Amino acid sequence: SNYFKCLNNLIMAAKIIDGKLIASKVKEQVSIAVSDLNQKSIFPGLATIIVGNDAASSIYVKNKRKSAKEVGIESFQYELSENIQEKELLELINELNLNSDVDGILVQLPLPKHINSDLIIDSIDVNKDVDGFNVINAGKTFIGRDSVIPCTPLGCLLMLKSIKIELKGKNAVIIGRSNIVGKPMAQLLLNEDCTVTIVHSKTFNIQALVKEADIVVAAVGSANLVKGSWIKKGAVVIDVGINRLKVEDKNILVGDINFNEVKDIASYITPVPGGVGPMTIACLLMNTVFQCAKRNNVSIPNNLKKLF
Ligand code: NAD
């Protein structure tokens, strides 16, 4: 009723973009697409490789494997010792490149310092790259050609599309310029006709630039960096950051956005956890199905196409 509408306007609490819920819907569609492929005797497979025992990476990989199984994607799992030589890792990737049961190869980053990550990423067959980090796929994304889009920025874009706001002409500010999040995110929003600014660790006056933004995507890795005062009223705020904090002896996860401050200023906001994280995994599964369909010369299942 009007009373509640008035109250709502006064408080102006942001709507939460529920990444977990949207991810479960994407996974449902991926699972239908996998069944369709199975009918054609095609069985999508995803190989995941983790090197060493970094606690955060282990959790991410475990979730990726679990989700793959949930949607019917076969999971090939490799846990390698911290001390593995670059050459051995390259040999494994080469084997997986040749294995026709494997449609996607994911090497969890970061890798130990003695291994050249660029060399490893580039050794993955372009047609089995599911992260979109391979130079060829990254280049295609950059020039707006059909490509494998990196999972995290793709997840952010799907969340933006889920709220059905017009993206065309909007001012988007991306905080962070990594190859895996910031840069491809900028490209995707440029493709959506946003006016895009990337700010980073050497940018002067970040707050003033962020304050101009209709859409803010934060991918920094700095707990609660973005304050309420940085955000324009009604902006849409996507929080990619995952930061571990110890509060009163408890480990908690927070994003790069100060959620409590920003939630009353933004029109929409993604939570951490339960925002970008689950979307990243859902998009990985989707990319695996895309690569599988392409390698088998069948068209991308229609239900997945409709997600865009
Ligand atoms: P990165 O360390 O590669 O890049 C961080 C970027 O932030 C750099 O470009 C740097 O210039 C910029 N930066 C650093 N300090 C800054 C400051 N004070 N102000 C503005 N910019 C600053 O990190 P990344 O791999 O892009 O990841 C960023 C964050 O996102 C991390 O917390 C990471 O854990 C998280 N992440 C989450 C997901 C997910 O699925 N949710 C996926 C990837 C990364």
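See the structure above.
Quick look at the structure, then.

About the criteria used
- Along each chain, residues carry numbers from 1 onward, in the same order as the chain's sequence is written.
- Where local features are concerned, this predicted model is filtered to residues with pLDDT of at least 70; where side-chain atom pairs are given and counted, the filter is 80 or more; whole-chain, interface and lining totals use all residues.
- The side-chain values count all of the structure's non-hydrogen atoms but skip hydrogen atoms and water molecules.
- The helix count covers DSSP runs of H or I at least four residues long, the strand count covers runs of E at least two residues long, and both are numbered beginning at the N terminus.
- Expected helix span is taken as 1.5 Å per residue step, with the number of steps being one fewer than the number of residues.
- Relative accessibility thresholds used throughout: buried, under 20% of the residue-type maximum; exposed, over 50%; partly exposed, between the two (1.4 Å probe, protein chains only).
- Throughout, the arc means that of the directions going from the helix axis to the C-beta atoms.
- Contacts were defined at the residue level, with two residues in contact if any of their heavy atoms lie within 4.5 Å.
- Pairing of N or O atoms within 3.5 Å defines a polar contact, subject to two protein rules: one partner must be a possible hydrogen donor and the other a possible acceptor, and residues neighboring in sequence count only if both atoms are side-chain atoms.
- Near residues are defined by distance, with any heavy atom within 4 Å of the molecule or strand qualifying the residue.
- Ten residues, namely Ala, Val, Leu, Ile, Met, Phe, Trp, Tyr, Cys and Pro, are considered nonpolar, four, namely Asp, Glu, Lys and Arg, are considered charged, and the remaining ones, Gly among them, are considered polar.
- Strands qualify as paired when DSSP identifies two bridges or more between them.
- Axis definition: a line fit to C-alpha positions, over the contact stretch in the case of helices; interaxial angles, taken between N-to-C directions, run 0 to 180 degrees.

Re helix 2 (residues 19–39)
Part 1 of the reasoning: For helix 2, with 21 residues, the first-to-last C-alpha span of 30 Å sits near the 30 Å given by 1.5 Å per residue.
Part 2 of the reasoning: For helix 2, the set of buried residues is Gly19, Ile22, Ala23, Val26, Lys27, Val30, Ala33, Val34 and Leu37. Looking straight down helix 2, one finds its buried side chains confined to an arc of 135 degrees; they lie on one side.
Part 3 of the reasoning: Check the buried side of helix 2 and you find it contacts helix 3 (55–70), helix 7 (151–162), helix 11 (276–295) and helix 12 (302–305).
Part 4 of the reasoning: Its side-chain oxygen placed 3.2 Å from the backbone nitrogen of lysine 20, aspartate 18 serves as the N-cap of helix 2.
Part 5 of the reasoning: Once helix 2 ends, the next one or two residues include serine 41, with phi positive near 60 degrees.

A word on unusual backbone geometry
Part 1 of the reasoning: The amide bond that connects leucine 109 to the next residue, proline 110, takes the cis arrangement and shows omega of 0 degrees.
Part 2 of the reasoning: Its place among the elements puts proline 110 in the loop between strand 4 (104–107) and helix 5 (117–123).
Part 3 of the reasoning: Going from valine 272 to proline 273, the amide bond is cis rather than trans, its omega being -5 degrees.
Part 4 of the reasoning: With respect to the helices and strands, proline 273 occurs in the loop between strand 11 (268–269) and helix 11.
Part 5 of the reasoning: For glutamate 248, which is not glycine, the phi torsion reads 45 degrees and is therefore positive.
Part 6 of the reasoning: Relative to the helices and strands, glutamate 248 is located in the loop between strand 9 (243–247) and strand 10 (250–254).
Part 7 of the reasoning: On the accessibility criterion, glutamate 248 (75% relative accessible area) is exposed.

What about the site of the ligand?
Part 1 of the reasoning: Close to the ligand lie 20 residues, the nearest being Arg177, Ser178, Val240, Ile242 and Thr280.
Part 2 of the reasoning: Serine 201 places a polar side-chain atom, nitrogen or oxygen, 3.2 Å from an oxygen atom of the ligand.
Part 3 of the reasoning: Here valine 240 contributes a backbone N or O atom positioned 3.5 Å from a nitrogen atom of the ligand.
Part 4 of the reasoning: For the shell around the ligand, the element with the most residues is helix 11, which contributes three residues.
Part 5 of the reasoning: By residue class, the composition of the shell around the ligand is nine nonpolar, ten polar and one charged.

Here's the deal with the sheet that holds strand 2 (residues 45–51)
Part 1 of the reasoning: Spatially, three strands are ordered 3-2-4 in an open sheet, and the strand pairing comes out parallel. Whereas interior strands pair on both sides, the edge strands pair on one side only; in this sheet they are strand 3 (74–80) and strand 4. Each neighbouring strand pair of the sheet contributes to a mean axis angle of 15 degrees, computed without reference to strand direction.
Part 2 of the reasoning: Note that strand 2 and strand 3 share seven bridges and pair parallel. Within the sheet, the bridge partner assigned to isoleucine 49 lies in strand 3 and is tyrosine 78.

The values are spatial; any link to function lies outside them.
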